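# Coordinate inspection notes
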Amino acid sequence: MDSNRLISSSKLRFISGFLFPVMIAAIGVNYGQIANNLPSPENVVPLVKSIGASKVKLYDTDPRVLKAFANTGVEFIVGLGNECLATMRDPNKAQAWVKTHVQVYLPATKITSIAVGNDEVLTFNDTSLSDNLVPAMQSIHTALVNLNLDKQVSVTTAHSLAVLEASYPPSSGAFRRDLRGCISQILNFHVKIGSPFLINAYPYFAYKSSPKQVPIDFVLFQPNSGIVDPVSNLRYDNMLFAQIDAVYYALASLGYKNLPIQISETGWPSKGDEDEVGATLENAKKYNGNLLKLIAQKKGTPLKPNCDLNIFVFALFNENMKPGPTSERNYGLFKPDGTPAYSLGFTGNIVANTSSGGGSTSTVTPPSAGLPPGSSSNGYLSISSHAVS
């Protein structure tokens, strides 16, 4: 077997001690596998532990992964693909899916949520998908109820910022008018069963689109003068918080101001093509390193200061088979051989907190921070499809 694919646990512990000397509070990480050179799931377990992650978002229900993480205490969001949405309208098939893909791994593997549909179904501009989304979510939840699993496994779906019609200033946050009917159904569902609203937020795309207008320090959580929302008078010193609050304002505009949010994806590429401004190793190191420190401080956003951030970093690995520009294959915290893509630069001052709990997350960005309609039918396969116009 290729030595790059076989990583000893002792090496992983060494990596952890050398570059990741502290544990991070309630951090989640996305575990994508569109690659042909990744380590076995058994060897991924210590990698996840090495960054202090207590939560993993998986894009399917890979049995190898779910078995490998049994009895580790790591919580999982598992995915149900777009190709299954129409089928899941049938309650019997939904229950069969839950039995085969979820129940069989419980309670050893802590599956806590099912994300229905590959990410960002509503912005695929495919009515065959969007029309089946809510019925599929309802059928999956009903199956969980019938199997007495609904108290431990919730149901949700992830969205890109392209569902917003406005995001600047954050207080103007509003959902696209053409999506409000479907989104209202989803929000009603969340309130009914007590599940969070998932959003994928990438300040990188706003910077890439308008590097002369968007200050780099503002998107990388570096010291900067910040900006003030002229309506709320709230000050923002980073774009991610501004994006999150824009979503909160959008929810409030539809009457759901208390619905919790999770940031199901955010990250920064360490490498890109010539036209991918800002996609550098140093910027990725600053973005993700500063983000993890921010999470550990248990600080909320200006609008929701008392709500812990609930964020899943994208992604665990660089994935060499993802299509699209170079950046798509370089979002990983780790290289395929298990070595860090870059040091996150911790100095040991962050307080450890490995609890699998974590509060619910409770955008001022230049006008270009909002994302337009349009996305790939391959979900997270094409992060670049979220590009800012």
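As a starting point, this report considers the structure included with it. Every chain's residues receive numbers from 1 upward, in the order its sequence appears when written. Local features in this predicted model are restricted to residues whose pLDDT is 70 or higher, and side-chain atom pairs enter the listing and the counts only when it is 80 or higher, whereas totals over whole chains, interfaces and linings include all residues. Side-chain numbers come from the whole structure's heavy atoms, not from hydrogens or water.

### Topic: the sheet that holds strand S4 (residues 110-116)
Spatially, 9 strands are ordered S5-S4-S3-S2-S1-S13-S12-S9-S6 in an open sheet, and the strand pairing comes out parallel. Taken across any chain shown, the strands that pair with only one partner, and hence form the sheet edges, are strand S5 (154-156) and strand S6 (158-160). Between one strand axis and the next, the sheet turns by 25° as a mean value, whatever way the strands run. Bridging between strand S9 (residues 197-200) and strand S12 (residues 261-266) involves 4 bridges; their strand directions are parallel. We treat two strands as partners when DSSP finds at least two bridges between them. Here a strand is any run of E in DSSP of at least two residues, a helix any run of H or I of at least four, and the numbering for each starts at the N terminus. Note on geometry: axes are C-alpha line fits, over the in-contact stretch for helices, and angles between N-to-C directions span 0 to 180 degrees.

### Re helix H9 (residues 239-253)
In a regular helix each residue adds 1.5 Å, so 15 residues correspond to 21 Å; H9 covers 21 Å between its end C-alpha atoms and thus fits that length. Between N or O atoms, a polar contact is any pair within 3.5 Å; within protein, one atom must be a potential hydrogen donor and the other a potential acceptor, and residues adjacent in sequence are included only when both atoms are from side chains. Measuring from the side-chain oxygen of the N-cap residue of H9 to the backbone nitrogen of Leu240 gives 3.2 Å; that N-cap residue is Asn238. The positive-phi residue at the C-terminal boundary of H9 is Gly255, with phi of around 90°. Expected helix span is given by 1.5 Å per residue-to-residue step, counting one fewer step than there are residues.

### So, the side chain of Thr109
Structurally, Thr109 can be placed in the loop between helix H4 (91-101) and S4. By relative accessible area, Thr109 is classed as buried at 1%. There is a polar contact of 2.5 Å between the side chain of Thr109 and the backbone oxygen of Leu66. Whether two residues are in contact is decided by their heavy atoms: any pair within 4.5 Å suffices. For Thr109, the contacting residues outside a window of four places in its chain are Leu66, Phe69, Ala70 and Phe76. The rule is simple: take the accessible area with a 1.4 Å probe, protein chains only, and divide by the maximum for that residue type; under 20% is buried, over 50% is exposed, in between is partly exposed.

### Thoughts on helix H2 (residues 41-50)
Taking burial as the measure, the 10 residues of H2 include 7 buried ones, the bulk of the element. Along H2, the residues classified as buried are Pro41, Asn43, Val44, Val45, Leu47, Val48 and Ser50. Gly52, located one to two residues past H2, shows a positive phi value of around 75°.

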